[in-house]
Amino acid sequence: MPLHVAAEDARFAVEDIQTELHEDGVYYLSARLDVSLGSDMLSALRNGVSLVLQMDFELNRPRRFWKDDRLVSLEQRYQLRFHALTKQYTVSNLNTGIQESFHTLHGALDYFSRIRSLPIFDAGLLQQGASYRARLRLHLDLGALPLVLQIRAYTNRNWRISSPWMVWTMPL
């Protein structure tokens, strides 16, 4: 899994996805992400700006003559911060409040890039014999940036970073 700390252009990609049905009747997602922070993002991070990375998951039932029926829409948000006083990076799961600290940015990005056993939906939502399409993407939440930076971020392609949707058929 490639991790690039300071690339001129930022890049996010979903590299690998696995879904599993556990005994509790819930589907869990594991994924490998490729996260490359651009030099502008890295500079902002080291100057006290938190970056919020959002992972979007959707589960749809395809329909032939109408738009797909969306069954599940999940946003998982993570905050990446640098603490100048302790010289540590933190990754906080904003949905659960769980926070981890790291001595290096590489360590923080490595931790973030491995999503393990994230509960995504209850198996009771699925009907036997039906077809389901899932998709996942990762993007920088520009609205979480300080207002002064938002204007620059919305007008600069190096800040408007998003992975393409990775789409797969859900196994039943």
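Up top is the structure these notes are about.
Residues numbered from 1 in each chain as written. Predicted model: local features only at pLDDT ≥ 70, side-chain atom pairs only at ≥ 80, totals over all residues. Heavy atoms only, no water.

1. Things to note about the pairing of strand β7 (residues 99-102)
Consecutive side chains along a regular strand alternate between the two faces of the sheet.
Working step 1: Here 4 bridges tie strand β6 (residues 88-93) to β7, and the two strands are oriented antiparallel to one another. Considered in β7, the bridge of T90 is made with S101.
Working step 2: In sequence, β6 turns back onto β7 through a hairpin of 5 residues, with G97 there showing a positive phi of about 85 degrees. (Pairing = 2+ DSSP bridges. Helix = DSSP H or I, 4+ residues; strand = E, 2+ residues; numbered from the N terminus.)

2. Things to note about helix α1 (residues 39-46)
Working step 1: Taken together, the buried positions of α1 are occupied by M41, L42, A44 and L45. End-on view of α1: buried residues confined to an arc of 165 degrees, all on one side of the axis.
Working step 2: Once α1 finishes, G48 follows within two positions and takes phi at roughly 95 degrees, a positive value. (Buried < 20%, exposed > 50% of the residue type's maximum accessible area, 1.4 Å probe, protein only. Arc of directions from axis to C-beta.)

3. Some remarks on the pattern of salt bridges
Working step 1: Under the criterion given, the structure shown has 8 salt bridges.
Working step 2: Between E58 and R70 there is a salt bridge, with its nearest N and O atoms 3.0 Å apart. Residue E58 is located in strand β4 (residues 51-61), and its partner R70 is located in strand β5 (residues 69-83); the two are separated by 12 residues in the primary sequence.
Working step 3: On the basis of relative accessibility, which here comes to 46%, the residue R70 falls in the partly exposed class.
Working step 4: Residues D110 and R114 are paired through a salt bridge, measuring 3.1 Å at the closest nitrogen-oxygen approach.
Working step 5: We classify D110 as partly exposed; its relative accessible area is 23%.
Working step 6: Among the ionic contacts, a cluster of salt bridges with common partners joins E58, R70 and R135. (Salt bridge = Lys/Arg side-chain N within 4 Å of Asp/Glu carboxyl O.)

4. What to know about the nonpolar core
Working step 1: By size, the foremost hydrophobic cluster in this structure holds 49 residues, and its most contacted members are L37, F57, L59, F121, L136, L140 and W159.
Working step 2: With 6 residues, the single largest contributor to this core is strand β3 (residues 26-38).
Working step 3: With near-sequence residues (within four places) excluded, L59 lies in contact with D69, R70, L71, V72, F121, L126, Y132, R133, A134 and M170. (Core = buried A, V, L, I, M, F, W, Y, C linked by side-chain atoms within 4.5 Å. Contact = heavy atoms within 4.5 Å.)

5. Re the packing of aromatic side chains
Working step 1: Inspection of every chain in the model, using the stated rule, returns 6 aromatic pairs.
Working step 2: Ring geometry for Y78 and F112: centres 5.1 Å apart, planes at 75 degrees, overall edge-to-face. Linking Y78 in strand β5 with F112 in helix α2 (residues 105-112), this pair joins segments that are 34 residues apart in sequence. With respect to burial, Y78 and F112 carry one shared label: buried.
Working step 3: Here the aromatic cluster, defined as three or more aromatic residues joined through ring pairs, consists of Y27, F57, F121 and W168.
Working step 4: Sitting above the plane of the W165 ring, R135 keeps its charged end 3.8 Å from the centroid. (Phe/Tyr/Trp six-rings, centres within 6.5 Å; stacked < 30°, edge-to-face > 60°. Lys NZ or Arg CZ within 6 Å of the ring centre and 35° of its normal.)

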